[in-house]
Amino acid sequence: MVLLSVNGARHELDLDPRTSLLDALRERLGLTGTKKGCDHGQCGACTVHVDGRRVLSCLALAVAQQGHEVTTIEGLAAGERLHPMQRAFVECDALQCGFCTPGQIMSAVAMLVEVDDRRRLTDAGIRERMSGNLCRCGAYPNILAAIRRVRP
Amino acid sequence: MRPFAYVDERDVAGAAAAVHAAPGAMFLAGGTTLVDLMRQGVLAPDLLVDVHRLPLGDIELDDRRARIGACVRNAQLAEHPELRARWPVVGEALLSGMSPQLRNMSTVAGNILQRTRCSYYRDGHSPCNKRVPGSGCAAIGGHDRDHAILGAGPRCIAVFPSDLATALAILDAIVYTRRGDGGARRLPFDGFHLAPGDTPERETILDHGELVTHLELPTLAIARCSHYFKVGDRSSYSFALASAAVALDLERGIVRDARIALGGVATRPWRCPDAEQALRGKPAELSSFRAAADVALAGAVAGRHNGFKIDLARHVLVRALTELAARPR
């Protein structure tokens, strides 16, 4: 049995060791907010937090996550109150089809934590730090605007 | 993906012994290379020994050296303030590649042990001497745009892709290991990666079940003045078509000493001692850098589509040296 801690809840699952964290979240726990894009670690759609750090759930084996705390897009809002980054994405219209959006938001939230001084973060710096999240609709200008809105 | 058993090891000797005892076993750390290649059917271990919880996650610094645990995340290494001051080329190399998510997952030992990006190796079915020894090499005479111009052999022309390893090649780095039989080794980084030769499937001098435990960077005065410059198909989150790790010791505009390694163009981390020698005693100016770059690429051999890399690598090296020499110090 594999013990997974996701969004503060503990789940005991009987998992094949081959199961990725992404598949465990989507197929076993019904948390389908995290998206499967390339399944090769190249697109960022599956970005979640493990112990607060942004990682790619498609390249993480679920069995290796025991003892770690996983946060998905479903764990970001406080009840009905959206996380500031979620609100900014809505307000800035930072999406078109929306498929990459959960990964973009999870990545952006962790990115702002990684930076020592958010006020010194330039547009080019944000783009570089978000380069692991692809948006095939090309909503990058508004994604940038949303992240800038959350930056203090 | 082929089925496999999984064990979570908490003890260094136990992890090495577990892989040593099982011919089909592999170590799992960050998994960013391994899980991807298992999904592709390129690697098919029957046992994964998870080492990511081993007590190898610290960076220790003193006047003599940096001792970097094998399981330190690449992001941790890239962001370490004192390390960035004493060995700037290391952080620059790490930040020039990988997405932040991958840097958060992958370890420094996994970085220097990462597999080639050769598409024939990674597709899981083309002839490839690295994947299936003796099956041939589809890259030779094939679509070889991304392949090596230095250090290639008649059996393999795959590029070794690590930016970190290119930086370590100029830093006299040491690799420490624990062997499956209980022994330990101290391996100079120069010589750690093997030329493809007759056995391209063997990429390093590590034996089966030998676990990297630490990397050591000895304190080097010249390393404080070091730099990494890289060109890829994209300016961010891509592998190098050509890159250069350089260090300079300058006195009144004259090069007293130089360190040079090239990445993205060779089958292993590629130190350029002849180009370093060509720079010593010369003025730190464009003509000297160009002459050194000509020496560095003198032995390069072009295939069908990768001839552009010879010129590109030359320009990348000149640019790296020019940028470094222009830095205020």
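These figures come from a predicted structure and were not determined experimentally. Residue numbers restart at each chain and count upward from 1, following the sequence in its written direction. Here every chain gets a letter starting at A, and every ligand a number starting at 1, in the order they are written. Where local features are concerned, this predicted model is filtered to residues with pLDDT of at least 70; where side-chain atom pairs are given and counted, the filter is 80 or more; whole-chain, interface and lining totals use all residues. Side-chain descriptors were evaluated using all non-hydrogen atoms of the structure, hydrogens and water having been removed beforehand.

Some points on helix 5 (residues 140-150) of chain A
Inference 1: Restricting attention to buried positions, one finds in helix 5 of chain A the residues I143, L144, A146 and I147 of chain A. The arc enclosing the buried residues of helix 5 of chain A, seen along the axis, measures out at 160 degrees, which places them on a common side. Residue burial is assigned from relative accessible area. The probe radius is 1.4 Å, only protein chains are included, and a residue is buried under 20% of its type maximum, exposed over 50%, and partly exposed in between. Put simply, DSSP H or I for four residues or longer makes a helix, DSSP E for two residues or longer makes a strand, and each gets a number counted from the N terminus. The directions considered for the arc run from the helix axis to the C-beta atoms.

Quick look at the pattern of salt bridges
Residue and element names in this part refer to chain B.
Inference 1: One speaks of a salt bridge when a side-chain nitrogen belonging to Lys or Arg is within 4 Å of a carboxyl oxygen belonging to Asp or Glu. Using the criterion set out here, one finds 37 salt bridges over all chains in the structure.
Inference 2: The partner of R131 in a salt bridge is D123, with the nearest N and O atoms 3.5 Å apart.
Inference 3: Under the relative-accessibility criterion, D123 is labelled partly exposed at 27%.
Inference 4: E210 serves as the salt-bridge partner of R179, at 3.9 Å between the closest nitrogen and oxygen. A residue pair is termed long-range when its members are at least 10 positions apart, and R179 in the loop between strand 6 (174-178) and strand 7 (184-188) and E210 in the loop between strand 7 and strand 8 (211-218) qualify at 31 residues.
Inference 5: One network of salt bridges, in which partners are shared, links R179, D181, R185, R202, D207 and E210.

Focus on the packing of aromatic side chains
All names here are of chain B.
Inference 1: Pairing of aromatic rings covers Phe, Tyr and Trp, the last through its six-membered ring, and needs centres within 6.5 Å; plane angles under 30 degrees mean stacked, over 60 mean edge-to-face, and all others mean tilted. Throughout the structure, instances matching the rule amount to 1 aromatic pair over all chains.
Inference 2: A positively charged side chain is recorded as over a ring if its NZ (Lys) or CZ (Arg) lies within 6 Å of the ring centre. The angle to the ring normal must also be within 35 degrees. Residue placement shows R67 over the ring face of Y176; its charged tip is 5.8 Å from the ring centre.
Inference 3: Of note, R234 hangs over the ring of Y237, and the distance from its end group to the ring centre comes to 5.9 Å.

Details of the domain arrangement of chain A
Residue and element names in this part refer to chain A.
Inference 1: When the domains of chain A are assigned, the result is domain 1 (2-75) and domain 2 (84-150).
Inference 2: Note: domain ranges come from an automatic or database domain assignment. Computed from C-alpha coordinates alone, the two centres of domain 1 and domain 2 are separated by 21 Å.
Inference 3: In total, about 1,200 Å² of surface goes out of reach between domain 1 and domain 2, with carbon and sulfur atoms giving 59% of it.
Inference 4: We define buried area as the total accessible area lost by two parts upon association, computed with a 1.4 Å probe and summed across both. Contact with domain 2 buries area across many residues of domain 1, yet H49, R54 and I73 alone supply 49% of it, more than any other trio.
Inference 5: Taking the shortest distance from any N to any O, the salt bridge between E114 and R54 comes out at 2.8 Å.
Inference 6: Whenever a nitrogen or oxygen atom comes within 3.5 Å of another N or O atom, the pair is scored as a polar contact, on the condition that within protein one atom can donate a hydrogen and the other can accept it, and that pairs from neighbouring residues in sequence are kept only if both atoms are in side chains. In this assembly, domain 1 and domain 2 are joined by 8 residue pairs in polar contact (both at pLDDT 80 or more).
Inference 7: The nonpolar class holds Ala, Val, Leu, Ile, Met, Phe, Trp, Tyr, Cys and Pro. Asp, Glu, Lys and Arg form the charged class, and all remaining residues, Gly among them, are polar. The class makeup of the residues in the side of domain 1 that touches domain 2 is 3 nonpolar, 9 polar and 3 charged.

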